[in-house]
Amino acid sequence: HLKQLPNSWEKDILKSSKLGWRYTPMQRVGIYVPGGQASYPSSVLMNAIPAKLAGVSEIVMVTPPNKDGQISPLVLAAAKEVGIEEIYKLGGAQAIAALAYGTETIRPVDKIVGPGNIYVTLAKKLVYGVCGIDKLAGPSDVLIIADDTANPAYIAADLLAQAEHDALSSAILVTTSTELAEKVQKEIPGQIELAPRKAIIEKALKDNGLIVIVKDLEAMIATANLIAPEHLEIMTNKPAQIAEAIINAGAIFLGDCSPAVVGDYLAGPNHVLPTGGTARFDSPLSVSDFLKASSIVSFSRSTLQAYRPDIERLALLEGLPAHAAAIAARFKNI
C-alpha cells in the first residue's frame, strides 16, 4: 500500500504564477467489518491499513456482535494491531445510518468503507452524498480461465473457496479444454464432501456456478473482459501474456501457485474489490480512497492580464457576463 501513495505537485507557469494538485487525508472514516456467518479480521486490516497510510486521523470500526453479544476476538486483535481504538458493537443497515448521520454516542464520518450483506450495501447507497462510500460490494465472485496445462484439483479447490463465502457467490471456469472441464466436474463433488461449509458451497455452485468451454484463447480473454470478475485466476501455459490482454478485473492472479486466497490474506494490495462486473469502471480499495485532491491556482497580475481576453470571451460565450466582470474589475484603473 505504500507504493500507492500519490504525490502532491506544484508547477510554475509564466510570470510568478503556479498551478498545483494537493492531496489531503480525510479526517474521520468508518470501517464496516462483517460478522454474520464468519469472522473477518482480514477485512479490518484491508480497510484500516490504507486509511492509516493515507493519514486518516480518526478510524471508527463497527461490527455486529455474535448471539452472545460479543465481538470476535480475532477482529478485536486485528483492530489493536492497526491502532483502531473506537469500536462499536453494531451491524446492518442501522450501523451505516449511525456512521453517516451520527447518534448520541457516534459522531458522523466522512466516508464509510468495508463490505457487508445486501442490507449494508443498499444502506451505503442511500447515504451516499451525506458521506462518501468506497463501493457497492455485492456477493464475491471468481473467474478462472484455464487451458489443458492446468491442474483440475487446483481449479476445483479455488472454485469452492470462493463459493463458501455466500450462497450468492459466483464461481466460473472458462476453458478451451473439454477434457479439463470434465476433470474439474468430477473433482468438485469429492472436495465438497470434505468442506465444513458444504451447504453454502452446494447452493452457490448450483445457482451461480458455471463451466464454459470456448473455442480458443481469444474467446477466453473476451469472456473474462465481458464478465469483469472480482477475482481473475489465469491458469494457462503463459499467464502473464494473457494478463496483458485483460482490461476488466478487480485482481488478477497468475499461475497455479497464485490462488485468489493469497490475495485475501497476504499478498494484497487489497481484497476489497469491485464485484458484479463493476471492475469495468471501479478499482480495488486503495490509499487514494482515503485522500481528497484539491487543485491549486495562483495567478500573478501579469499572467491574469495575459489571459484576460480569453477568459472574458469564454464567459460571454457561455452567457455569464458577471464572470467576465469579475476579471475586468481587476483592471479598471489600468
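Cut-offs and rules
Residues numbered from 1 in each chain as written. Predicted model: local features only at pLDDT ≥ 70, side-chain atom pairs only at ≥ 80, totals over all residues. Heavy atoms only, no water. Helix = DSSP H or I, 4+ residues; strand = E, 2+ residues; numbered from the N terminus. Rg over C-alpha atoms; globule rule 2.2 N^0.38 Å. Buried < 20%, exposed > 50% of the residue type's maximum accessible area, 1.4 Å probe, protein only. Contact = heavy atoms within 4.5 Å. Areas by Shrake-Rupley, 256 points an atom, 1.4 Å probe, with all protein chains shown as cover. Lys, Arg positive; Asp, Glu negative; His and termini not counted. Charge placed at Lys NZ, Arg CZ, Asp CG, Glu CD. Core = buried A, V, L, I, M, F, W, Y, C linked by side-chain atoms within 4.5 Å. Pairing = 2+ DSSP bridges. Axes fitted to C-alpha atoms, helices over the stretch in contact; angles between N-to-C directions. 1 Å grid on protein atoms, 1.4 Å probe; cavity = no way out; pocket = protein on both sides within 12 Å on 5 of 7 lines; lining within 4 Å. Points joined across faces, edges and corners; volume = space filled by probe spheres on them.

## Concerning the overall build of the protein chain
Within the protein chain, the secondary structure is distributed over twelve helices and 13 strands. A globule of 334 residues ought to have a C-alpha radius of gyration of about 20 Å, yet the protein chain, at 25 Å, is considerably larger. Here the C-alpha coordinates of the protein chain stretch approximately 85 × 55 × 35 Å along the principal axes. When each of the 334 residues of the protein chain is scored for burial, the buried share is 44%. Partitioning the contacts of the protein chain with sequence separation of at least 6, the portion at a separation of at least 24 is 70%. As displayed, the protein chain offers around 17900 Å² of accessible surface, 56% of which is attributable to carbon and sulfur atoms. Side chains of the protein chain carry 30 positive and 34 negative charges; the gap between the two charge centres is 11 Å.

## Some points on the nonpolar core
I31, V33, V44, M61, I84 and F290 are the most contacted members of the largest nonpolar core, which has 25 residues in total. Looking at this core, the elements with two or more residues in it are β3 (28–32), α1 (41–54), β4 (58–63) and α2 (73–81). For this core, the leading source of residues is α1, giving five residues. Dropping the residues within four chain positions of it, M61 is found in contact with I31, V33, V44, V75, A79, I84, E86, I87 and Y88. Membership of the second largest hydrophobic core comes to 20 residues, among which are I155, A163, I188 and M235.

## Details of the pairing of strand β2 (residues 17–25)
Relative to β2, strand β1 (residues 9–13) runs antiparallel, the two sharing five bridges. Pairing of W9 across the sheet is with W21, part of β2. Adjacent in sequence and paired antiparallel, β1 and β2 are bridged by three residues, among which L14 carries a positive phi angle near 50°. When β2 meets strand β13 (residues 291–298), the two strands line up antiparallel, connected through eight bridges. By the bridge assignment, G20 is partnered in β13 with I296.

## Some thoughts on the sheet that holds strand β12 (residues 251–254)
Note: strands within a sheet are paired through backbone hydrogen bonds, in either parallel or antiparallel orientation. Strand order across the open sheet formed by five strands is β10-β9-β8-β11-β12, with parallel pairing between neighbours. The open sheet has two free edges, formed respectively by β10 (209–213) and β12, since each of these has just one partner strand. The sheet shows a mean angle of 15° between the axes of neighbouring strands, direction not considered. Taken together, the five bridges between strand β8 (residues 141–146) and strand β11 (residues 231–235) define a ladder with parallel strand orientation. Residue V142 lies in a different strand from β11, and its bridge partner there is H231.

## Some thoughts on the layout of surface pockets
Estimates place the volume of the largest pocket at around 1100 Å³. Along its surface, the largest pocket is lined by 42 residues, and P34, Y40, S140, H165 and D166 are the ones closest to its centre. Elements with a minimum of two residues in the lining of the largest pocket: α1, α4 (118–127), α5 (152–163) and α10 (260–265).

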